Amino acid sequence: MRILGLETSCDETAAAIIEGHDKKITLKSNILATSLALHAKTGGIIPEQAAREQIKCIMPVMQEALHLAHMSFADIDAIAVTYGPGLIGSLLVGVETAKTLSFVLNKPIIPVNHMMGHIYANWIEHPDITFPTLALVVSGGHTDLLLLEAHGTFTLLGGTRDDAAGEAFDKIGRLLGLTYPAGPMIEQLAKTGNPKRFRFPRPLIGSDDYEFSFSGLKTAVLREVQKTKQLDQQTIADIARATQDAIIDVLIKKTLKAASNYNISSLVISGGVAANQTLRDTFEKTLHEKRPQINFFAPAKNLCTDNAAMIASAAFYAYQPIPWKEITADPELYFV
Ligand code: KG4
Ligand code: ZN
């Protein structure tokens, strides 16, 4: 089965083609256009500007995905599209394009929850991940822990009460004068940061649930920035280090707690923050020491941040086509 995936939930316009046989998929093409350069200047995404760029990009991006895969629309068996959560104007670009294609080409359409897509980025290179699986999604908008029993069957264990992990990186980056999105830059700066100079709070680290909260961390950094007379390069690096340490500490402890309470066979991480090498290494090391029987997976770094391959992958493994008339963009979509 060949699936064309479309992803336009935030600032990116992405199209990918996968070919699935039995339980394994091959990535035929994976194209992404981003308007990040526009948004870096303003420190965040301006929704209308993002949607206008996506309208310009969607056709060329699809064309490029087909071209690279040496295919035409006639070779595609189904269309997968992100229908939420995200920015309404952005989501509509992908959803309406997918509906039109489904209608004109008479092909099935599979609506995909963007967060499920992030999780399924793992299956692109690791089709043999065994259930039950614990999934940590850490992106700019979400920090969620889910228990997956089988493809398409899951329970939400907990999520963030306020800021998501990526959002914390971005907001703290802004306090430090870094451009958006700040996660990758904070990771770089943290390498030369002194781990002992600052220690920021680790909210809810010991709480008896799987909830997260990162807004207190941002407030603690704000206080430190206001206290520090001169925000020199070393101070920025030291704050970056303490920020990353605090976020990673919370993510690892909470996830490990869930790993001990549920009888899981594997653990997968995903979302933009999962591209953080220190987070990946710390997970690997901690699991190796404490729960060596659990298999750990993280997608390739370019598949951690938003892309359309993950949307096609989710559609392939949890194949649930619905009539195109029934699909509507849902900006507030969560795991239900
Ligand atoms: O999954 P994603 O591309 O978009 C959403 O669905 O939100 O995630 C973007 C987020 C941003 O907050 C960005 O700062 C963060 O992922 N991020 C990172 C790294 N790369 C991206 N955070 C920490 N370290 C990184 N290397
Ligand atoms: Zn995302």
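As the structure is a computational prediction, the values presented were derived from the model and not from experiment.

1. A short note on the site of ligand 1
Here is step 1 of the chain: In the region of ligand 1, 21 residues are neighbours, and His118, Gly140, Asp170, Glu187 and Gly272 sit closest.
Here is step 2 of the chain: In this structure, an oxygen atom belonging to ligand 1 sits 3.4 Å away from a main-chain N or O atom of glycine 141.
Here is step 3 of the chain: Protein contact buries 88% of the 550 Å² of open area that ligand 1 shows by itself.
Here is step 4 of the chain: Secondary structure elements with two or more residues in the shell around ligand 1: helix H4 (114–125), helix H5 (165–175) and helix H6 (183–190).
Here is step 5 of the chain: Class assignment of the residues belonging to the shell around ligand 1 gives a composition of 7 nonpolar, 11 polar and 3 charged.

2. With respect to the packing of H5 against helix H8 (residues 233–261)
Here is step 1 of the chain: Interhelical geometry of H5 versus H8 gives an angle of 170° and a closest axis separation of 11 Å. When the axes of H5 and H8 are compared, the pair comes out roughly antiparallel. Residues Ala165, Ala168, Phe169 and Ile172 of H5 touch H8, and the partners they reach there are Thr243, Gln244, Ile247 and Leu251.
Here is step 2 of the chain: Partitioning the contact of H5 with H8 into residue classes produces 6 nonpolar, 2 polar and no charged.

3. So, the environment of phenylalanine 214
Here is step 1 of the chain: Here phenylalanine 214 shows up in the loop between H6 and helix H7 (215–227).
Here is step 2 of the chain: With a relative accessible area of 1%, phenylalanine 214 lands in the buried category.
Here is step 3 of the chain: Discounting chain neighbours no more than four positions away, the residues touching phenylalanine 214 are Thr143, Asp162, Asp163, Ala164, Ala165, Ala168, Ile247, Val250 and Leu251.

4. Here we look at unusual backbone geometry
Here is step 1 of the chain: Cis peptide bonds are those with omega within 30 degrees of zero, and the linkage from glycine 84 to proline 85 qualifies with -10°.
Here is step 2 of the chain: For proline 85, the location among the structural elements is in the loop between strand E4 (78–84) and helix H3 (88–105).
Here is step 3 of the chain: For the bond from tyrosine 180 to proline 181, the omega torsion is -10°, close enough to zero to count as cis.
Here is step 4 of the chain: For proline 181, the location among the structural elements is in the loop between H5 and H6.
Here is step 5 of the chain: For aspartate 22, which is not a glycine, the phi torsion comes out positive at approximately 50°.

5. Examining the pattern of salt bridges
Here is step 1 of the chain: For the coordinates displayed, the defined rule picks out 18 salt bridges.
Here is step 2 of the chain: The closest approach of N and O atoms between glutamate 53 and lysine 56, which form a salt bridge, is 3.1 Å. In this pair, glutamate 53 and lysine 56 both sit in helix H2 (residues 47–68), 3 residues apart, roughly one turn of the helix.
Here is step 3 of the chain: For arginine 197, the salt bridge goes to aspartate 238, with nearest N and O atoms at 2.8 Å. Here arginine 197, found in the loop between H6 and H7, pairs with aspartate 238, found in helix H8; they are 41 residues apart in sequence, far enough to count as distant.
Here is step 4 of the chain: Where salt bridges share partners, they join Arg161, Asp209, Glu211 and Lys254 into one cluster.

6. What about the packing of aromatic side chains?
Both the distance between ring centres and the angle between the ring planes are used here to describe each pair of aromatic rings.
Here is step 1 of the chain: Taken as a whole and judged by the stated rule, the model has 11 aromatic pairs.
Here is step 2 of the chain: Taking the centre distance of 5.9 Å and the plane angle of 10° together, the rings of phenylalanine 198 and phenylalanine 200 count as stacked.
Here is step 3 of the chain: Centroid distance phenylalanine 212 to phenylalanine 214: 6.4 Å. Interplanar angle 15°. Geometry classified as stacked.
Here is step 4 of the chain: Here a set of aromatic residues connected by ring pairs shows up, and it is made of Tyr120, Trp123, Phe131, Phe316 and Tyr317.
Here is step 5 of the chain: In this structure, lysine 254 packs its charged tip against the face of phenylalanine 212, placed 6.0 Å from the ring centre.

7. Some words on the sheet that holds strand E10 (residues 295–297)
Here is step 1 of the chain: Strand order in this open sheet of 5 strands is E8-E7-E6-E9-E10, and the pairing throughout is mixed. Two strands in the sheet have a free side with no partner beyond their single neighbour: strand E8 (153–159) and E10. Each neighbouring strand pair of the sheet contributes to a mean axis angle of 20°, computed without reference to strand direction.
Here is step 2 of the chain: Alignment of strand E9 (residues 266–270) against E10, held across 3 bridges, turns out to be parallel. Residue leucine 267 lies in a different strand from E10, and its bridge partner there is phenylalanine 296.

Rules used throughout
Residues numbered from 1 in each chain as written. Chains lettered and ligands numbered in written order. Predicted model: local features only at pLDDT ≥ 70, side-chain atom pairs only at ≥ 80, totals over all residues. Heavy atoms only, no water. Near = heavy atom within 4 Å. Polar contact = N/O pair within 3.5 Å; in protein donor to acceptor, adjacent residues only side chain to side chain. Areas by Shrake-Rupley, 256 points an atom, 1.4 Å probe, with all protein chains shown as cover. Helix = DSSP H or I, 4+ residues; strand = E, 2+ residues; numbered from the N terminus. Nonpolar A, V, L, I, M, F, W, Y, C, P; charged D, E, K, R; others polar. Axes fitted to C-alpha atoms, helices over the stretch in contact; angles between N-to-C directions. Parallel < 35°, antiparallel > 145°, perpendicular 65-115°, else oblique. Contact = heavy atoms within 4.5 Å. Buried < 20%, exposed > 50% of the residue type's maximum accessible area, 1.4 Å probe, protein only. Salt bridge = Lys/Arg side-chain N within 4 Å of Asp/Glu carboxyl O. Phe/Tyr/Trp six-rings, centres within 6.5 Å; stacked < 30°, edge-to-face > 60°. Lys NZ or Arg CZ within 6 Å of the ring centre and 35° of its normal. Pairing = 2+ DSSP bridges.

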